[in-house]
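So the chains spell out like this:
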Amino acid sequence: MHYFFFQAWCTYIFESENKAKLILEFSNLLNSTTLKRLDQLIDDKRNLLKKYKSEKFRTESSYKQESDEVDRLRKTYQENAKDSETGKRKYEEVLSKDKFNNKDWERSKDRYVRSTLKLHQNHNDYVLALKSGNCHQGFYNDILVPTMLNSLQYLQEEYISQW
């Protein structure tokens with residue numbers, strides 16, 4: 001009976017030592033690879049966040065410039081439309097007079113033509129700026145955001161495949 005007790009005790013100690021060795025191996029493996037991978041993953045996520053923020057800032061500032069330009073052109077377009085309407089009205093007033101001075105008629109005609117040409121040029125610039133803003137928004141929605149999301153997905157899949 002004493003022999004069985006001794007044998008059981010030896011088996012218990014042997015298995016405990018094996019468990020301790022196994023725990024030590026897993027601990028070393030965790031320290032050597034897993035923690036390094038987690039640190040690398042955290043660093044990559046931080047770098048990705050920095051890149052995302054800088055790209056987002058660049059895109060938003062570019063869009064703000066486009067938007068400001070459209071607003072500026074819209075205001076000048078409205079002003080030119082008013083000037084053109086005023087020039088037209090004055091030209092029609094000169095024409096409606098029974099006796100009109102040729103000099104007044106020439107001056108009002110020139111003002112009306114210049115304001116109309118200015119209005120047309122501003123209209124063209126305004127339309128081009130709107131088109132540019134639409135292209136910018138389309139690029140952002142159709143190309144930039146999907147590309148960034150695909151890059152993020154690729155990075156995540158790479159990390160998962162390494163684990």
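Before reading further, recall that the structure is shown in the block above.
We now turn to the structure provided with this report. Counting of residues starts from 1 at the beginning of each chain's written sequence and follows it residue by residue. Per-residue local features are limited, in this predicted model, to residues with pLDDT of at least 70; the limit for side-chain atom pairs, both in listing and counting, is 80 or more; totals at the level of whole chains, interfaces and linings are taken over all residues. Each side-chain value is derived from all of the structure's non-hydrogen atoms; neither hydrogens nor water enter the calculation.

So, the overall build of the chain
Consideration 1: Helix and strand assignments come from DSSP, with helices taken as H or I runs of at least 4 residues and strands as E runs of at least 2, each series counted from the N terminus. When helices and strands are tallied, the chain shows 2 helices and 0 strands.
Consideration 2: Dimensions along the principal axes, computed over C-alpha positions, put the chain at roughly 140 × 20 × 20 Å.
Consideration 3: In the chain, which comprises 163 residues, the share counted as buried stands at 14%.
Consideration 4: Computed with a 1.4 Å probe, the accessible areas rest on the Shrake-Rupley method; for each residue, only the protein chains presented here act as cover. Counting only carbon and sulfur atoms, one obtains 58% of the accessible surface of the chain, whose full area is about 13,500 Å².
Consideration 5: Residues counted as positive are Lys and Arg, residues counted as negative are Asp and Glu, and His and the chain ends are not counted. Charged side chains are reduced to one point each, which is NZ for Lys, CZ for Arg, CG for Asp and CD for Glu. Counting 28 positive and 25 negative side-chain charges, the chain places the averaged centre of each group 6 Å from the other. Three labels apply to residues, based on accessible area from a 1.4 Å probe with only protein chains included: buried if under 20% of the type maximum, exposed if over 50%, partly exposed otherwise in between.

Structural notes on the pattern of salt bridges
Consideration 1: By definition, a salt bridge exists where a carboxyl oxygen of Asp or Glu is found within 4 Å of a side-chain nitrogen of Lys or Arg. For the coordinates displayed, the defined rule picks out 6 salt bridges.
Consideration 2: Note that K56 and E60 form a salt bridge whose closest N and O atoms lie 4.0 Å from each other. Of this pair, K56 and E60 both sit in helix α1 (residues 2–96), separated by 4 residues, roughly a single helical turn.
Consideration 3: The partly exposed category is assigned to K56, whose relative accessible area is 33%.

Topic: a positive patch on the surface
Consideration 1: A patch consists of residues whose relative accessible area exceeds 30% and which take part in no salt bridge; residues with like charges are grouped when within 9 Å of each other, and nonpolar side chains (Val, Leu, Ile, Met, Phe, Trp, Tyr) when within 5 Å. There is a patch of like positive charges on the surface, built from R89, K90, R111 and R114.
Consideration 2: Within the residue set of the positive patch, elements represented by two or more residues are α1 and α2 (102–162).
Consideration 3: Structurally, R89 can be placed in helix α1.

Regarding a nonpolar patch on the surface
Consideration 1: A cluster of nonpolar side chains, namely W9, Y12 and I13, defines an oily patch on the protein surface of about 340 Å² accessible area.
Consideration 2: Here W9 shows up in helix α1.

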